[in-house]
Amino acid sequence: MPIESLISDLISALKDNTEALESHTALLKGGIAKKKPASEPDADDDAPKKAPKKVAKEQKVVKKPAKKAALTLDDVKAAFGKYLAVEDKEELANRKSNVGEILASFKVKQVRDLVDDQFEEALELLTEYADQAEAADDDDGDDGDDESLI
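Predicted, not measured: the structure shown is a model, and the values here were computed from it.

For the protein chain, the count of helices and strands is five helices and zero strands. Reading the helices (α) and strands (β) of the protein chain from amino to carboxyl end gives α-α-α-α-α. Considering only contacts in the protein chain between residues 6 or more positions apart, those separated by 24 or more positions represent 48%.

Ranked by internal contacts, the top residues of the largest apolar core, which has 15 residues, are Val76, Phe80, Ile102 and Leu114. Elements represented by at least two residues in this core include exactly α3 (73-84), α4 (89-105) and α5 (119-140). Of the residues forming this core, the biggest block, five residues, is contributed by α5. Apart from residues lying up to four places away in sequence, Phe80 is in contact with Val99, Ile102, Val111, Ala122, Leu123 and Leu126.

The next thing to look at is the environment of Ala79. You can see Ala79 is positioned in helix α3. Take Ala79: its relative accessible area is 25%, and that puts it in the partly exposed class. Each C-alpha atom, one on Ala79 and one on Leu123, is 7.5 Å from the other, the two residues being 44 residues apart in sequence. Excluding its chain neighbours within four sequence positions, the residues that come into contact with Ala79 are Leu123 and Leu126.

Summed over all chains, the structure comprises one salt bridge. Residue Arg95 is joined to Glu91 by a salt bridge in which the shortest nitrogen-to-oxygen separation is 3.0 Å. Of this pair, Arg95 and Glu91 both sit in helix α4, four residues apart, roughly one helical turn.

The next thing to look at is α4. Counted at 1.5 Å a residue, the expected span for α4 with its 17 residues is 24 Å, and the 24 Å between its end C-alpha atoms agrees. Turning to α4, its buried residues are Arg95, Asn98, Val99, Ile102 and Leu103. Along the axis of α4, the buried residues cluster in a sector spanning 135 degrees; they form a single face. Facing away from the buried surface of α4 by more than 90 degrees, the exposed residues are Lys89, Glu90 and Lys96. Following α4 by one or two positions, Lys107 has its phi on the positive side, about 60 degrees.

Two elements in contact, α3 and α4, have axes whose closest approach is 9 Å; the angle formed by their N-to-C orientations is 150 degrees. It follows that α3 is roughly antiparallel to α4 by the angle criterion. Contact with α3, carried on its side by Phe80, Tyr83 and Leu84, involves Leu92, Arg95, Lys96, Asn98, Val99 and Ile102 of α4 and no other residues of that element. For the contact of α3 with α4, the per-class residue count stands at six nonpolar, one polar and two charged.

About the thresholds
Residues numbered from 1 in each chain as written. Predicted model: local features only at pLDDT ≥ 70, side-chain atom pairs only at ≥ 80, totals over all residues. Heavy atoms only, no water. Helix = DSSP H or I, 4+ residues; strand = E, 2+ residues; numbered from the N terminus. Contact = heavy atoms within 4.5 Å. Core = buried A, V, L, I, M, F, W, Y, C linked by side-chain atoms within 4.5 Å. Buried < 20%, exposed > 50% of the residue type's maximum accessible area, 1.4 Å probe, protein only. Salt bridge = Lys/Arg side-chain N within 4 Å of Asp/Glu carboxyl O. Expected span 1.5 Å × (residues − 1). Arc of directions from axis to C-beta. Axes fitted to C-alpha atoms, helices over the stretch in contact; angles between N-to-C directions. Parallel < 35°, antiparallel > 145°, perpendicular 65-115°, else oblique. Nonpolar A, V, L, I, M, F, W, Y, C, P; charged D, E, K, R; others polar.

In structure tokens:
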């Protein structure tokens, strides 16, 4: 009867997994630092009080670097300027067209007309265009007609 024992082991594992998932969900909803672990012994009252405070301080430290500095108009202008800083006239015309599409999506004519809450999205779109251009350059370089290799 090994199959019955395997099934009972599986049922036990599923119950343990469900309990762990429920406690994890409760921690996420209530905040990890707010709730003490249920399996912690109550023999020493001072130690449990200090441990959650340390966790809270560590969480605050982790959250501080996660905050991004606010983008300024100068940052956005610099990014667009860097994207447009190419010498090849054909490539420059292509990039100007891309910038025009980005600005048209915001219904503005120039980068300086963008509003603060549009900066991040505009930079994301610019990055997408730049990545597409790099991917196209990588594909073009593999055609075997590179004169520098001859």
